[in-house]
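Remarks on the overall topology
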Amino acid sequence: METSSPHRVIFLTGASSGIGAATARLLVSQGHRVYATARRAAQLETVAQEAMLNAGAGGMIVTEVMDVLDPQAQREAVARCVAEFGRLDVVIPNAGLGIFSPLDQADLSDWMTMVDVNVKGVLTTIHSCLPHLIEHKGLVVNIGSVASRNVFPNSGVYCATKHAVLALGEAIRQDLKDKVASTTICPGAVDTAFIEQTKDEGLLDQYRPGFKKGMQPEFVARQVLNAIDARGHGVISDITIRPDFL
Ligand code: NJP
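Before going into details, it helps to say that this report is about the structure given with it. Every chain's residues receive numbers from 1 upward, in the order its sequence appears when written. Owing to the predicted nature of the model, reporting of local features is limited to residues with pLDDT of at least 70; listing and counting of side-chain atom pairs is limited to 80 or more, with chain, interface and lining totals taken over all residues. Only hydrogens and water are set aside when side-chain values are computed; all heavy atoms of the structure are taken into account.

**As for the pairing of strand β2 (residues 33–38)**
Of all six residues in β2, six are buried, a share of seventy percent or more. The cut-offs for exposure are 20% and 50% of the maximum accessible area for each residue type, with area from a 1.4 Å probe on protein chains only; residues under the lower value are buried, those over the upper are exposed, and the others partly exposed. Secondary structure elements are defined from DSSP: runs of H or I of at least 4 residues count as helices, runs of E of at least 2 residues count as strands, and each element is numbered from the N terminus. Burial of β2 is two-sided: the residues Arg33, Tyr35 and Thr37 facing one way and the residues Val34, Ala36 and Ala38 facing the other way are all buried. Relative to β2, strand β1 (residues 9–12) runs parallel, the two being bridged by four bridges. What sits directly across from Phe11, in β2, is Tyr35. For two strands to be treated as a pair, DSSP must find no fewer than two bridges joining them.

Now the structure itself:
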């Protein structure tokens, strides 16, 4: 990134819990300036307070309640981020969800929600940020999944959305070479509230223990930081991380 300052300006979605919250806390602790968004105001505020308790020199966080499904709200949030911090170096379109169920028992509305948030939401975030990223040779850090390359039972549509995320990261690499770098982080199970979106009680009982034993969100956050720190040395195009029992 073309900056003399080590402090990046970072636009983050899904910052109210799990991987996004851990990422916000870690980046602020390293002196980065984070524009943290999600829908739940109280949780966002808690994350901001936690982040500022351990802020590194120059580290700052500004929060905004925002739904990734609202393109106008996203454009305005990105504009406010740039107005607040003067530039934009990195976007992390992390907001996403999985609602697991066998294909023939799924609600169409659950499929549409996953496509809307995991694909259209990510596209909207990136589209709003791209002009600013191009200006500063910035970085997109997408949160893919082991489901970006493999398909697992009971999660076919989630897998399809995460395949799309990986494809998009590769498209950025090919089309925007020399302008914007792209990293896709593909985690296996992470111990967050992610699995609680699933409504099928039987599947919840089956999957909960595996997610509970999964990686801590702080470990994923560390990969995000590594991707940011790599700028100027090389690009981590994609990285897969798994719990050590897999
Ligand atoms: O889950 P969780 P994770 N507009 O539920 C936000 C991927 N991943 O941290 O709006 C705006 O704690 C929601 O905020 P709120 C996964 O696919 C996970 O695990 O306040 N934000 C919350 O902050 C996803 O892409 C695992 O409800 C919206 C956040 O999304 C990413 O990691 C494995 C929103 C979800 O936090 C973070 O998920 C894997 C909307 N419309 C990939 N809808 C895993 N946990 O095992 C949701 O391979 N959010």
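On we go.
**Here we look at the site of the ligand**
Around the ligand sit 31 residues in total, of which Arg39, Ser145, Pro187, Val190 and Thr192 are the nearest. In protein, a polar contact means a hydrogen-donor-capable atom and an acceptor-capable atom, both N or O and within 3.5 Å, with residues adjacent in sequence counting only if both atoms are side-chain atoms; elsewhere, any N or O pair within 3.5 Å suffices. Interatomic distance of 3.0 Å between a side-chain N/O atom of Lys162 and an oxygen atom of the ligand. A distance of 2.6 Å is found between an oxygen atom of the ligand and a side-chain nitrogen or oxygen belonging to Thr192. Only the protein chains shown count as cover for residues, and the accessible areas themselves come from Shrake-Rupley with a 1.4 Å probe. Relative to its unbound accessible area of 890 Å², the ligand is 95% covered by the protein chains. If you list the elements that add at least two residues to the shell around the ligand, you get α1 (18–29) and α5 (156–175). Note on residue classes: Ala, Val, Leu, Ile, Met, Phe, Trp, Tyr, Cys and Pro are nonpolar, Asp, Glu, Lys and Arg are charged, and everything else, Gly too, is polar. For the shell around the ligand, the class distribution of residues is 17 nonpolar, 10 polar and four charged. Nearness is defined per residue: one heavy atom within 4 Å of the molecule or strand is enough.

**Examining the nonpolar core**
Phe11, Leu88, Phe100 and Leu133 are the most contacted members of the largest nonpolar core, which totals 41 residues. With seven residues, helix α4 (residues 108–135) is the single largest residue contributor to this core. Only heavy atoms matter for contacts: two residues are in contact if any of them lie within 4.5 Å across the pair. If near-sequence neighbours (up to four positions away) are discounted, Leu88 is found in contact with Val9, Ile10, Phe11, Val78, Cys81, Val82, Cys129, His132, Leu133 and His136. Among the nonpolar cores identified, the runner-up in size contains 31 residues, and Ala24, Ile61, Val141 and Val220 belong to it. Throughout, nonpolar core names a set of buried Ala, Val, Leu, Ile, Met, Phe, Trp, Tyr and Cys residues whose side chains join them through atoms within 4.5 Å.

**Some remarks on the sheet that holds strand β6 (residues 181–187)**
Where strands meet in a sheet, backbone hydrogen bonds hold them as pairs that are either parallel or antiparallel. Read across the sheet, seven strands follow the order β3-β2-β1-β4-β5-β6-β7 without closing on themselves; strand pairing throughout is parallel. A strand with exactly one partner marks an edge of an open sheet, and here the two such strands are β3 (60–65) and β7 (238–241). Within this sheet the neighbouring strands show an average axis-to-axis angle of 15°, counted without direction. With four bridges joining them, β6 and β7 adopt parallel strand pairing. Across the sheet, residue Ile185 finds its bridge partner in β7, namely Ile239. Only C-alpha atoms enter the line fits that serve as axes; for helices the fit covers just the stretch in contact. Angles between N-to-C directions range over 0 to 180 degrees. This element, helix α2 (residues 41–53), spans β2 and β3 of the sheet and lies at about 180° to β3.

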